[in-house]
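# Residue-level structure breakdown
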Amino acid sequence: MKDLSTALHARRTNSLYRTRQILDGPQGVSVSLDGREYLSFCSNDYLGLANHPDVVAAFHQGLDRFGAGSGAAHLITGHSRAHHELEEALADFVQRPRALLFSTGYMANLGVLAALAGRGNRIFEDRGNHASLLDGARLSGARLVRYRHADIADLTRRLESASSADSVVATDGVFSMDGDIAPLPALAQTAAAHAARLLVDDAHGLGVVGPQGRGSLAACDLGVGQVPILMGTLGKAFGTFGAFVAGSDELVETLIQEARTWIYTTAPPPAVAVATLAALRLVESEDWRRAHLQLLVRRFRAGAAQLGLNLCDSATPIQPVITGTAEAALRWSTALREAGILIIAIRPPTVPAGTSRLRITFSAAHTEAHVDRLLDMLEQTLADTNHAEHD
Ligand SMILES: *Cc1c(COP(=O)(O)O)cnc(C)c1O
């Protein structure tokens, strides 16, 4: 049997040990941890909706109408009117015929890939894809082929060397750790030219990019004809919890018959769906949230460039600062925390070795003064750690 304490010890000495933070209040730009308030730059609550009064009030109303739990899987008696209305509203929002709610994005990716591909098929994935897309490919039993990040020529070469039916190409829309957007029109063209189905995971694009926040596909005007499978999550810009897959009637009916992570699990509480519907109304109507985010991102990038920080080529609210080693990422994160700023160090295997980073994310609830404070503290941390290195 594997010696657990040895493995845990090795993680610690390699700066790869993971720990949790315990929050004593709601998610927001200011969070309460261990009796201290921190200015946080590490949630995916991009639009500041996780604790929005309209969303919270809708959640309460949902509880009053539907109770706490769904009590069953969707195919038994767990599928409520609230779930159904949300599916219709989400399909409308992403301009696709149907949408199917999943409990989480992780489960949605596992369920879709395993339902659409299996032994004898191939799934082509960007090297920067989220873990759930990679795990979905593994679970499906199909052959997983990874192509270089955002590299259409590499994908094309790999598609040409394969001759299997029912291939799937899967990509993040906005990459979760780098913040860049996939070359979606070229991916759609390439997948179509090789008769492969394209799956786009838009967990970080929905609500944030595109007209009315309709996501990275709407931003490039790619409909269901070009991208047949869209996965979106509700725990990020929507501020609640859950996920959905949108596409044709046939796709959704296939998932209802075959997606095991949808069939064999309890439906989410209906009140979550009621709250999400309220969040959706804010997402589509409040453009100022996206405009403000863009302002914050530009301000941060300009300031960070002056400090000589190593940024990614990202125009989204995901603005990582690359530190290189895991040890440096931890050191920066700890120093910032002492200064009252919360940014989590992201280390391998979540990102490739040598590219450990502070994953900074902005929310529409941040102010320009918050960005300036972050830049000041980064400057100070940079000076202190450089000083330490030269001692
Ligand atoms: C967060 C995330 C998921 C998983 O979604 P959950 O609802 O949190 O399980 C899937 N894909 C990407 C790209 C993500 O960032």
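Fair warning: this is a prediction, and the values are worked out from it, not measured in the lab. All residue numbers here refer to positions counted from 1 along the written sequence of the relevant chain. Only residues with pLDDT of 70 or above have their local features reported here, since the model is predicted, and side-chain atom pairs are shown and tallied only from 80 upward, although totals for entire chains, interfaces and linings are computed over all residues. Hydrogens and water are ignored here; the side-chain numbers use all heavy atoms of the structure.

### Observations regarding the pattern of salt bridges
One side-chain nitrogen of Lys or Arg within 4 Å of one carboxyl oxygen of Asp or Glu is enough to make a salt bridge. This model, assessed by the stated rule, comprises 15 salt bridges. For the salt bridge of arginine 281 with glutamate 284, the shortest nitrogen-to-oxygen distance reads 2.6 Å. Highlighted residues: arginine 281 and glutamate 284, both in helix α12 (residues 270-285), separated by 3 residues, approximately one helical turn. Judged by relative accessible area, glutamate 284 falls into the buried class, the value being 18%. The salt bridge partner of aspartate 372 is arginine 299, with a shortest N-O separation of 2.9 Å. Of this pair, aspartate 372 sits in helix α15 (residues 368-390) while arginine 299 sits in helix α13 (residues 287-307), and the two are 73 residues apart along the sequence. Only protein chains enter the accessibility calculation, which uses a 1.4 Å probe. A residue is then buried if its area is under 20% of the maximum for its type, exposed if over 50%, and partly exposed in between. Given a relative accessible area of 27%, aspartate 372 falls into the partly exposed group. Relative accessible area serves as the criterion here: at 34%, arginine 299 is assigned to the partly exposed category. Members of the salt-bridge network, linked through shared partners, are Arg98, Asp249 and Glu253. Secondary structure elements are taken from DSSP: a helix is a run of H or I of four residues or more, a strand is a run of E of two residues or more, and numbering for both begins at the N terminus.

### Describing the packing of helix α5 (residues 105-116) against helix α6 (residues 131-140)
Angle between the axes and distance between the axes: these two values describe a pair of packed helices. Where α5 meets α6, the axes come as close as 8 Å, and the angle between the chain directions of the two elements is 35°. Considering how the two elements wind past one another, α5 and α6 form a crossing that is right-handed. Contacts from Tyr106, Asn109, Leu110, Leu113 and Ala114 of α5 reach α6 at Ser132, Leu133, Asp135, Gly136, Ala137, Leu139 and Ser140. Each residue belonging to the contact of α5 with α6 can be placed in one class, and the counts come to 7 nonpolar, 4 polar and 1 charged. The axes used here are C-alpha line fits, helices contributing only the stretch in contact, and every angle between their N-to-C directions lies in the interval 0 to 180 degrees. Should the near helix be turned anticlockwise from the far one by less than a right angle, the crossing is termed left-handed; should it be turned clockwise, right-handed. The contact rule is simple, with two residues in contact once any of their heavy atoms fall within 4.5 Å. In this count, Pro and Cys sit with the nonpolar residues alongside Ala, Val, Leu, Ile, Met, Phe, Trp and Tyr, while Asp, Glu, Lys and Arg are called charged and the others, Gly among them, polar.

### Re the site of the ligand
Only a single heavy atom is needed: when it lies within 4 Å of a molecule or strand, its residue is near that molecule or strand. With respect to spatial proximity, 15 residues lie near the ligand, and among them Gly105, Tyr106, Asp201, His204 and Lys236 are the closest. Glycine 105 is positioned such that a nitrogen or oxygen atom in its backbone is 2.7 Å from an oxygen atom of the ligand. Only the protein chains shown count as covering a residue, and every accessible area follows the Shrake-Rupley method with a 1.4 Å probe. Protein chains bury 82% of the 380 Å² of accessible surface belonging to the ligand in isolation. Counting residues per element, the shell around the ligand draws most heavily on α5, at 3 residues. A breakdown of the residues in the shell around the ligand according to their chemical character gives 3 nonpolar, 9 polar and 3 charged. Identification of polar contacts relies on pairs of N or O atoms within 3.5 Å, with a donor-acceptor requirement for protein atoms, meaning one able to donate a hydrogen and the other able to accept it, and with residues adjacent in sequence counted only if both atoms are side-chain atoms.

### Let's talk about the sheet that holds strand β12 (residues 345-346)
Note on pairing: two strands pair once DSSP finds at least 2 bridges between them. With antiparallel pairing, the 3 strands of this open sheet are ordered in space as β10-β13-β12. With one partner strand each, in any of the chains shown, β10 (318-324) and β12 form the two edges of the open sheet. For β10 and strand β13 (residues 356-361), the ladder comprises 6 bridges, and the chain directions are antiparallel. Residue pairing for β13: glutamine 319 is matched across the bridge by isoleucine 360. Across the face of the sheet, helix α14 (residues 326-338) comes into contact with β10, β12 and β13 while running at roughly 40° to β13.

### Description of the environment of valine 112
Relative to the helices and strands, valine 112 is located in helix α5. Overall, valine 112 belongs to the buried group, its relative accessible area being 2%. C-alpha separation for the pair valine 112 and threonine 254, spaced 142 residues apart in sequence, amounts to 9.3 Å.

### Some points on the sheet that holds strand β1 (residues 30-33)
Strand-to-strand pairing in sheets goes through backbone hydrogen bonds, with the strands running parallel or antiparallel. One open sheet holds the 3 strands; their spatial order is β1-β2-β11, and the pairing between them is mixed. Of all strands in the sheet, those with a lone pairing partner are β1 and β11 (341-342), marking the two edges.

### What to know about the domain arrangement of the protein
An automatic or database domain assignment is the source of the domain bounds shown. Split by domain assignment, the protein resolves into domain 1 (18-47 + 287-390) and domain 2 (54-285). Its C-alpha centre places domain 1 at a distance of 27 Å from the equivalent point of domain 2. Listed as interface residues are 19 residues of domain 1 and, on the opposing side, 20 residues of domain 2. Between domain 1 and domain 2, roughly 1,500 Å² of surface is buried when both sides are summed, and carbon and sulfur atoms account for 58% of that area. If you look at where domain 1 meets domain 2, you find 1 salt bridge. Notably, a salt bridge pairs aspartate 178 with arginine 357, separated by 2.5 Å at the nearest N-O pair. Counting across the domain 1 and domain 2 interface gives 9 residue pairs in polar contact (both at pLDDT 80 or more). Elements represented by at least two residues in the side of domain 1 that touches domain 2 include exactly α13, β10 and β13. Grouping the amino acids of the side of domain 1 that touches domain 2 by side-chain chemistry returns 9 nonpolar, 4 polar and 6 charged. The term buried area refers to how much accessible surface (probe radius 1.4 Å) is lost by two components on association, counted for both of them together.

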